[in-house]
Amino acid sequence: MGGSTLVARGDLVEVPLAGVDGEETLPFPIFIQPNPDRDPVLFSEEGARLGETRLERLHSFGLATFFVPMDRLGAYYSFLEESLDQTLEDPSVPIEEKCKILHQVVTHAARSFLKTPPDKKRLERMLRLLDSTTRLAYRENGALRHLRRMVEGDPTLAGHSVAVSLYSLGMGLRLFPEDPTRAGELTWGAFLHDIGRVPREPGKTDPLPPGTVLDDVEGRAPDYTHTSYGADLLQRLDLPEGVVRAAGEHHERVDGTGAPRGLQGGEIHPFAQAVALANVFDHIRSSHRGFLGIFETFRILIQSFSGCFAPSMVEAFLHTFGPDGGSAP
Ligand SMILES: [Fe+2]
Ligand SMILES: [Fe+2]
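Everything quoted here is computed from the prediction, not taken from an experiment. (Residues numbered from 1 in each chain as written. Chains lettered and ligands numbered in written order. Predicted model: local features only at pLDDT ≥ 70, side-chain atom pairs only at ≥ 80, totals over all residues. Heavy atoms only, no water.)

Caption draft 1: Structural context of the overall build of the protein. Along the protein, the regular secondary structure elements total 13 helices and 5 strands. The buried share of the protein, reckoned over its 329 residues, is 55%. Long-range contacts, defined as pairs at least 24 residues apart, comprise 70% of the intrachain contacts of the protein with a sequence gap of at least 6. Carbon and sulfur atoms make up 51% of the accessible area of the protein, which totals about 14800 Å². (Helix = DSSP H or I, 4+ residues; strand = E, 2+ residues; numbered from the N terminus. Buried < 20%, exposed > 50% of the residue type's maximum accessible area, 1.4 Å probe, protein only. Contact = heavy atoms within 4.5 Å. Areas by Shrake-Rupley, 256 points an atom, 1.4 Å probe, with all protein chains shown as cover.)

Caption draft 2: View of the side chain of His-250. Looking at where His-250 falls in the secondary structure, it is placed in the loop between α10 (241-249) and α11 (270-287). Residue classification places His-250 among the buried residues on the basis of a relative accessible area of 0%. Looking at His-250, its side chain comes within polar contact range of the side chain of Asp-194, at 3.1 Å. Separated by 3.0 Å, the side chains of His-250 and His-251 make a polar contact. (Polar contact = N/O pair within 3.5 Å; in protein donor to acceptor, adjacent residues only side chain to side chain.)

Caption draft 3: Geometry of the packing of aromatic side chains. Under the defined criterion, the tally for this structure stands at 12 aromatic pairs. Measuring from ring centre to ring centre gives 6.0 Å for Phe-113 and Phe-191, while their planes differ by 45°; the resulting arrangement is tilted. Placement of the pair is Phe-113 in helix α4 (residues 95-113) and Phe-191 in helix α8 (residues 180-191), with a sequence separation of 78 residues. Measuring from ring centre to ring centre gives 6.0 Å for Tyr-167 and Phe-317, while their planes differ by 65°; the resulting arrangement is edge-to-face. Linking Tyr-167 in helix α7 (residues 157-175) with Phe-317 in helix α13 (residues 311-320), this pair joins segments that are 150 residues apart in sequence. The buried category is assigned to Phe-317, whose relative accessible area is 0%. Through successive ring pairs, a cluster of aromatic residues spans Phe-28, Phe-66, Tyr-76, Tyr-77 and Phe-79. One Lys or Arg, Arg-54, reaches over the ring of Phe-43 and ends 4.5 Å from the middle of that ring. (Phe/Tyr/Trp six-rings, centres within 6.5 Å; stacked < 30°, edge-to-face > 60°. Lys NZ or Arg CZ within 6 Å of the ring centre and 35° of its normal.)

Caption draft 4: A look at the coordination of the iron ion (ligand 1). For the iron ion (ligand 1), the full set of protein donor atoms is Asp-194 (OD), His-226 (NE2), His-250 (NE2) and His-251 (NE2), at a range of 2.2 to 2.3 Å. The site at the iron ion (ligand 1) holds 4 donor atoms, and with the angles between them running 85 to 171°, its shape is irregular. Motif for the iron ion (ligand 1), donor spacing along one chain: D-x31-H-x23-H-H. Taken as a pair, the iron ion (ligand 1) and the iron ion (ligand 2) lie 3.7 Å from each other and share Asp-194 as a ligand. Residue Asp-194 is found in the loop between α8 and α9 (225-236), and its partner His-226 is found in helix α9; the two are separated by 32 residues along the sequence. Assigned by exposure class, Asp-194 and His-226 land together as buried. (Donors = N, O, S within 2.8 Å, 3.2 Å for Na, K, Ca; no water. Tetrahedral: all angles 85-135°; square planar, octahedral: opposite > 155°, others 65-115°.)

Caption draft 5: Broad picture of the coordination of the iron ion (ligand 2). Looking at the metal site, the iron ion (ligand 2) is ligated by His-160 (NE2), His-193 (NE2), Asp-194 (OD) and Asn-279 (OD1), spaced 2.1 to 2.2 Å from it. Note that the iron ion (ligand 2) binds 4 donor atoms; their angles at the metal cover 82 to 179°, and the shape is irregular.

Caption draft 6: Expanded view of helix α2 (residues 73-82). With respect to burial, α2 is a largely interior element, 7 of its 10 residues being buried. Of the surrounding secondary structure, the elements contacted by the buried residues of α2 are β2 (12-16), β5 (65-69), α3 (84-89), α4 and α5 (120-139).

Caption draft 7: Local environment of the packing of α4 against α7. Between α4 and α7, the shortest axis-to-axis distance is 9 Å and the interhelical angle comes to 130°. Between α4 and α7, the interaxial angle falls into the category oblique. Crossing geometry of α4 relative to α7 is assigned as right-handed. Packed against α4, whose contacting residues are His-103, Val-106, Thr-107, Ala-110 and Arg-111, the element α7 presents Ala-158, Val-162 and Leu-166 at the interface. Of the residues in the contact of α4 with α7, the class split is 5 nonpolar, 2 polar and 1 charged. (Axes fitted to C-alpha atoms, helices over the stretch in contact; angles between N-to-C directions. Parallel < 35°, antiparallel > 145°, perpendicular 65-115°, else oblique. Left-handed = near helix turned anticlockwise from the far one by under 90°. Nonpolar A, V, L, I, M, F, W, Y, C, P; charged D, E, K, R; others polar.)

Caption draft 8: Representation of the pairing of β2 in the model. Where burial is concerned, most of β2 is hidden: 5 out of the 5 residues are buried. Alternating residues of β2 divide into Leu-12, Glu-14 and Pro-16 and Val-13 and Val-15, and every residue in both groups is buried. The pairing of β2 with β5 spans 5 bridges and is classified as antiparallel. Within β5, the residue paired with Leu-12 across the bridge is Pro-69. (Pairing = 2+ DSSP bridges.)

Caption draft 9: Inspection of α4 at higher detail. End to end, α4 covers 26 Å across 19 residues, agreeing with the expected 27 Å (1.5 Å per residue, within 8%). Burial runs high along α4: 14 of the 19 residues are buried. (Expected span 1.5 Å × (residues − 1).)

Coordinates in, geometry out; function isn't part of it.
What follows is the structure, given as C-alpha cells:
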C-alpha cells in the first residue's frame, strides 16, 4: 500500500470499493466524491447495511473507490480481512482489483503485526492472510505478477517483509509447482525471516536502520543476532522447521561466506536459500527506493554476490520475472 493507492483528503482516505458487500453491516461510514471538483459527501452512515440497490447505485456512478475517515481505516481493513477469501474467489472481481485489495490488506496487517513480538493468535491471523495470497497465486495466472508490481521498494520492516514474501512465493511456485502447502510455508518463512528485528519493547520505531543492505551499516559491525533471536521466537510458536530455519539461516551463503554460522551448500535449508536471495534482492531495490529496475537490480545482485546462491535458486528467482513469471504451471 503506497502513497499512490491511498489519497488523503483532509481526514478522509480513499480506498477501493471492491470487497464491500451489500449484505453486511458496515463498521465504517462511506463518503463518495461523484464530482471531482467538490468535496466528498456522506453516502452511508457507520453501522448501516448498503443492500444491493445502494451498492449498485455506487457502481452505476462509475466509482471504483470511496472514502473512509482516517480513524475508521482499521475497521475498514478488519472488515475486508473477514470477507477477503470471498472477494478473492469472486469471478466477477477483476484480478487487478483482487490483487490491489489483497496487497492493501496484507500490508496493513503486516504494519501492525510487526510492531511487537507476536503471540499465537496474531500470528495465526497473519498466516491466514499469507495463505490467501498463496492460494490466489496458485489459482489465478498472473496474480503474482500484479502483486509484485505493487512492491515499491518500501524500506520499512513491513514493506520489506511483504516484498520478500511475494518474491519467495514466486520462487515457491517454480520450486514446488504441485505443492501449494510447501510454497505456503516458504511464504510464511519469507514473511517472518526478520521477525527478530521486531522491536522487543513496544513503542520502539519500526523502520529498518538506513543502509541495511546485508546489515552492513557503515562504521558498525553487522548485527546478525536477529537471526537466532527470530528462529527461537518462531520455534516457541511451533512453526514448521523450514520456517524457523528461514529466519535462522537467511544470512548464510551456499559458498560458506555467510553469517552467523558460515554454513555451506546443503547445510542451509532450501527455504533459507530462497529467502536469502529474495532478501538481498529487496535490500538492493529498497536501498534505491524502488527506482532501480528489476534487471538492473538483478545485475548488481549477480555481480556482487557471485557464488553466494545455488544456481537452482537463481533460476527459480529469474523465472518469476520471465514472461510467464509468477504463474502456476
Ligand atoms: Fe535479516
Ligand atoms: Fe531481511
